[in-house]
Structure formats: C-alpha cells, structure tokens
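Survey of secondary and tertiary structure
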Amino acid sequence: MQHFYPFIVLCILLIILPGPDTAIATKNTLTVGKTGGLKTLFGTCCALLIHTTAAVIGLSALIVKSALLFSILKYVGAVYLGYLGFKTLWSLRKKEASDVLETAPILEEGQMNCFRQGFLTNLLNPKVAVFFLTFLPQFVDHGQEPLLPFLIMGLTYTLLTLIWFIPYIYLINQISAFMKRPTTEKAVQGLTGIALLGFGIKLAFEKAH
C-alpha cells in the first residue's frame, strides 16, 4: 500500500465535510442527549465496517457496476433520509404537547432508535460503496492483492470517523443548554430536517458513474 499518509489526510477532509451522518448525529445528540449521539455514531461505524467487508469481498464492485442494484439501494436510502427529515420537521409541531408529558420513556425509546438511524443512514448510502471502490484502489500498489490494504484502509476510515465524531458529539452536548433554548432548538431542528430532506433528494438524483 502506497501513500498512506495522504490517504489519512483525504479521509479526514471527507469525514469533517457535513453530510447525512453529521446531520443525524447532531439531531440525535440534541434531542436524546450524549448517549443518543454516541449510539448513532456506533451505528454509523458498524455500517462502515459492513461497507469495508463488502469492498474486500467484492460486493461493492457489484453494486457500483449494476445500475439496478445501485438504483435500488439509492432510492431506499433517499426515501429513508426523506423520512427522517420529514419526521424531524413534523416533531416541531408536536413539541409543545410533548413538553408536558413524561420525558423518560421518550428518551429511552429515542436512544433505542439512534443506533438504527445511524446504521441505516450510512448503510443505505450507495455513495459510500462508490467511495470505497473508487477511492481506496488509488492507494494500492499495482499488482498487489487488494484484500489486506482494503481492510486496513476501511478500518482506518472507521477509526478516524470515531476520532472526529466523539469530540463533536461531546461538544454538541456541552452547548446543548444553549442549543435547547426554544427558539434555537426549533431553528436547529428545522435546519436539520431540511438538510436530511436535501440529502435524500440529492441521493435520489445521484448517478452510479
């Protein structure tokens, strides 16, 4: 494997660039708390490990080359992101009513959903598969068996995701008192919902090549 350090630099730039994973981690940290954000991150990393495994055994190449499989995964992912965005915006209308109810069961249910949301948001994004199959081979020596390098780079990308998002989630949690002011919370939740809808629409129009 060659140019490993440039690979790390490029991974960091890609990870910190806001996307669906950032949006869902932010939303769950603000609405459920630090535990919700960390469970979302754990779901995201589990999905990344699946993408890594798929790249190693060649499934990602099949997804990239098959327009049908790519389209199926793309539209399922787009619908799911759209659903999360709509659900986030819809919850704004129910905020006043929910404030007068017991919050513990709601938080417990939310924490259970956080892992699933982080997992599915990343897993159903075919752009991740495209990334692994188009980006990773550039850092493998010509003629070298790609299995081990793909595995190392996939694990590295997952580790860097953890390193970035753990402090990010703690930061969001620390400023949550400000973020949870009624006007601020509505603004952030509204922007997050719109962002998720936007990512869903963008993904729906994504092309395989």
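Residues numbered from 1 in each chain as written. Predicted model: local features only at pLDDT ≥ 70, side-chain atom pairs only at ≥ 80, totals over all residues. Heavy atoms only, no water.

**Observations concerning the environment of Pro-20**
Selection criterion: Comment: elements are numbered from the N terminus, with helices defined as DSSP H or I runs of at least four residues and strands as E runs of at least two. Any two residues whose heavy atoms approach within 4.5 Å at even a single point are treated as in contact.
By the element assignment, Pro-20 lies in helix α2 (residues 20–32). The spatial distance from the C-alpha of Pro-20 to the C-alpha of Asn-125 is 9.1 Å, given a sequence separation of 105 residues. Residues contacting Pro-20, with those up to four places away along its chain left out, are Leu-81, Thr-121, Leu-196 and Phe-199.

**A short note on the nonpolar core**
Condition: Here, the term nonpolar core denotes a set of buried Ala, Val, Leu, Ile, Met, Phe, Trp, Tyr and Cys residues that are joined through side-chain atoms within 4.5 Å. Throughout this description, buried means an accessible area under 20% of the type-specific maximum (1.4 Å probe, protein chains only), exposed means over 50%, and partly exposed covers the range between.
If you look at the biggest cluster of nonpolar residues, it comprises 25 residues, and the most contacted ones within it are Phe-7, Phe-132, Phe-135, Leu-136 and Met-153. Only α1 (4–16), α2, α3 (34–57), α8 (126–135) and α9 (147–174) provide two or more residues apiece to this core. The element contributing the most residues to this core is α9, with eight residues. Every residue in contact with Phe-135, bar those within four places of it in the chain, is listed here: Phe-7, Leu-10, Cys-11, Leu-14 and Val-130. The next biggest cluster of nonpolar side chains, apart from the first, holds eight residues, and it includes Ala-23, Ile-24, Leu-73 and Leu-84.

**Description of the state of the cysteines**
Rules: Here, the term disulfide refers to a pair of cysteine sulfur atoms separated by no more than 2.5 Å.
If you walk through the whole model with that rule in mind, you get zero disulfides. Free of any disulfide, Cys-45 has its nearest cysteine sulfur in Cys-46, 7.3 Å distant.

**What to know about the environment of Thr-156**
Looking at the element boundaries, Thr-156 is found in helix α9. Accessibility expressed as a relative area gives 14% for Thr-156, which makes it buried. Sequence separation between Thr-156 and Phe-7 is 149 residues, and the spatial gap between their C-alpha atoms is 9.6 Å. The contacts of Thr-156, once residues within four sequence positions are left out, are Phe-4, Phe-7 and Ile-8.

**Some points on the confidence of the model for the chain**
Filter applied, for reference: Along the chain, pLDDT gives the predictor's confidence residue by residue, from 0 to 100.
Per-chain confidence: the chain averages 78 in pLDDT, with 77% of residues scoring 70 or above. Ignoring residues within four places in sequence, the model shows residues 96–106, a span with pLDDT below 50, making zero contacts including any to other chains.

**Digging into the packing of aromatic side chains**
Definition in use: The aromatic pairing rule takes the rings of Phe, Tyr and Trp, using the six-membered ring of Trp, and pairs them if the centres are within 6.5 Å, calling planes under 30 degrees apart stacked, those over 60 edge-to-face and the rest tilted.
What the rule picks out here adds up to six aromatic pairs. Aromatic side chains Phe-42 and Phe-115 sit 5.5 Å apart centroid to centroid with 45° between the ring planes, which places their arrangement in the tilted category. Linking Phe-42 in helix α3 with Phe-115 in helix α7 (residues 104–123), this pair joins segments that are 73 residues apart in sequence. For Phe-42, a relative accessible area of 51% translates into the label exposed. Between Trp-164 and Tyr-168, the aromatic rings sit 6.4 Å apart at their centres with planes inclined by 20°, giving stacked as the arrangement. One end of the pair, Trp-164, and the other, Tyr-168, are both in helix α9, four residues apart, so they sit about a helical turn from each other. Within the aromatic cluster, the residues linked to one another by ring pairs are Phe-4, Tyr-5 and Phe-7.

**Considerations on α2**
Each α-helix winds once per 3.6 residues, and so residues spaced three or four apart point in a common direction. Just so we agree on the cut-off: For a helix, the expected span equals 1.5 Å multiplied by the number of residues minus one.
For α2, which comprises 13 residues, the first-to-last C-alpha distance of 18 Å matches the rise-based estimate of 18 Å (1.5 Å per residue) to within 8%. For α2, a buried count of 11 out of 13 residues is recorded, marking the element as mostly surrounded by other parts of the structure. Among the residues of α2, those classed as buried are Pro-20, Thr-22, Ala-23, Ile-24, Ala-25, Thr-26, Lys-27, Asn-28, Thr-29, Leu-30 and Val-32. After α2 finishes, the residue Gly-33 shows a positive phi value of roughly 115°.

**Quick word on the side chain of Thr-158**
Positionally, Thr-158 belongs in helix α9. Relative accessible area serves as the criterion here: at 6%, Thr-158 is assigned to the buried category. Beyond its immediate sequence surroundings of up to four residues, Thr-158 is in contact with Cys-45, Leu-48, Leu-49 and Thr-52.

**Comments concerning the environment of Ile-12**
Here Ile-12 is to be found in helix α1. The partly exposed category is assigned to Ile-12, whose relative accessible area is 38%.

**Looking at the packing of α2 against α3**
This is how the line gets drawn: Lines fitted to the C-alpha atoms define the axes, with helices restricted to the stretch that makes contact. Angles between their N-to-C directions range from 0 to 180 degrees. Throughout, the term roughly parallel applies to angles under 35 degrees, roughly antiparallel to angles over 145, roughly perpendicular to angles from 65 to 115, and oblique to all others. Note on convention: the crossing is left-handed when the near helix lies turned anticlockwise from the far helix by less than a right angle, right-handed when the turn is clockwise.
Their axes nearest at 6 Å, the elements α2 and α3 cross at an angle of 155°. Between α2 and α3, the crossing angle belongs to the class labelled roughly antiparallel. For the pair α2 and α3, the crossing hand works out as right-handed. Facing α2, whose interface residues are Asp-21, Ile-24, Ala-25, Asn-28, Thr-29 and Val-32, α3 presents Lys-34, Gly-36, Gly-37, Thr-40 and Thr-44.

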